[in-house]
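The lines below spell out each chain.
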Amino acid sequence: MRIFGMFVAIIISAFMAVGIAEYYHQPYNWYLVFLMILTGFFIHTIILILESENNEENEV
């Protein structure tokens, strides 16, 4: 459930960034939302890999 919550947080934060840009009348493109979501998933995947390696070292 923790992983699902993180993915939801990544998606919500991308749309919040668009909302803030719209509120302050800043230009934005919708492909940047897709890019923010992909970047968030990529960073979260790296964090999950590093956590799993850390857990394997503690078990030994």
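Predicted model, so just to flag it, every value in this text is computed and none were measured.

## Looking at the overall build of the protein
Move 1: When you go through the protein residue by residue, the secondary structure sums to 2 helices and 0 strands.
Move 2: A compact globule built from 60 residues would reach a C-alpha radius of gyration of about 10 Å, whereas the protein, at 16 Å, exceeds it by more than 25%.
Move 3: For the protein, the spread of C-alpha atoms along the principal axes amounts to about 55 × 20 × 15 Å.
Move 4: Only carbon and sulfur atoms are counted for the fraction: they give 70% of the accessible area of the protein, which is about 5,100 Å².

## What to know about the packing of aromatic side chains
Move 1: Inspection of every chain in the model, using the stated rule, returns 3 aromatic pairs.
Move 2: A ring pair is formed by F7 and F41, whose centres lie 4.9 Å apart and whose planes are at 85°; its orientation type is edge-to-face. With F7 in helix α1 (residues 2-23) and F41 in helix α2 (residues 30-59), this residue pair connects regions lying 34 residues apart in the sequence.
Move 3: Between Y28 and W30, the aromatic rings sit 5.6 Å apart at their centres with planes inclined by 85°, giving edge-to-face as the arrangement.
Move 4: We classify Y28 as partly exposed; its relative accessible area is 27%.
Move 5: Residue W30 is classed as exposed on the basis of its relative accessible area, which comes to 52%.

## Considering the environment of E57
Move 1: Note on placement: E57 falls in helix α2.
Move 2: The class for E57 is exposed, based on a relative accessible area of 60%.
Move 3: When the C-alpha positions of E57 and I10 are compared, they lie 28 Å apart, and in sequence the two are 47 residues distant.

## Re the UniProt feature "transmembrane region" (unreviewed entry) in the protein
Move 1: Mapped onto the present numbering, the UniProt feature "transmembrane region" (unreviewed entry) falls at residues 7-24 and 30-50.
Move 2: Taken end to end, residues 7-24 is 94% helix and 0% strand, and its first and last C-alpha atoms sit 26 Å apart.
Move 3: Between the end C-alpha atoms of residues 30-50 there is a gap of 31 Å, over a span that is 100% helix and 0% strand.

## Focus: a nonpolar patch on the surface
Move 1: On the surface, F42, I43, I46, I47 and L50 cluster together into a nonpolar patch covering about 470 Å² of accessible area.
Move 2: Within the element layout of this structure, I43 appears in helix α2.

About the cut-offs
- Residues numbered from 1 in each chain as written.
- Predicted model: local features only at pLDDT ≥ 70, side-chain atom pairs only at ≥ 80, totals over all residues.
- Heavy atoms only, no water.
- Helix = DSSP H or I, 4+ residues; strand = E, 2+ residues; numbered from the N terminus.
- Rg over C-alpha atoms; globule rule 2.2 N^0.38 Å.
- Areas by Shrake-Rupley, 256 points an atom, 1.4 Å probe, with all protein chains shown as cover.
- Phe/Tyr/Trp six-rings, centres within 6.5 Å; stacked < 30°, edge-to-face > 60°.
- Buried < 20%, exposed > 50% of the residue type's maximum accessible area, 1.4 Å probe, protein only.
- UniProt positions renumbered as here; feature names shortened; annotations may be inferred.
- Patch = residues over 30% accessible without salt bridge, like charges linked within 9 Å, V, L, I, M, F, W, Y side chains within 5 Å.
- Salt bridge = Lys/Arg side-chain N within 4 Å of Asp/Glu carboxyl O.

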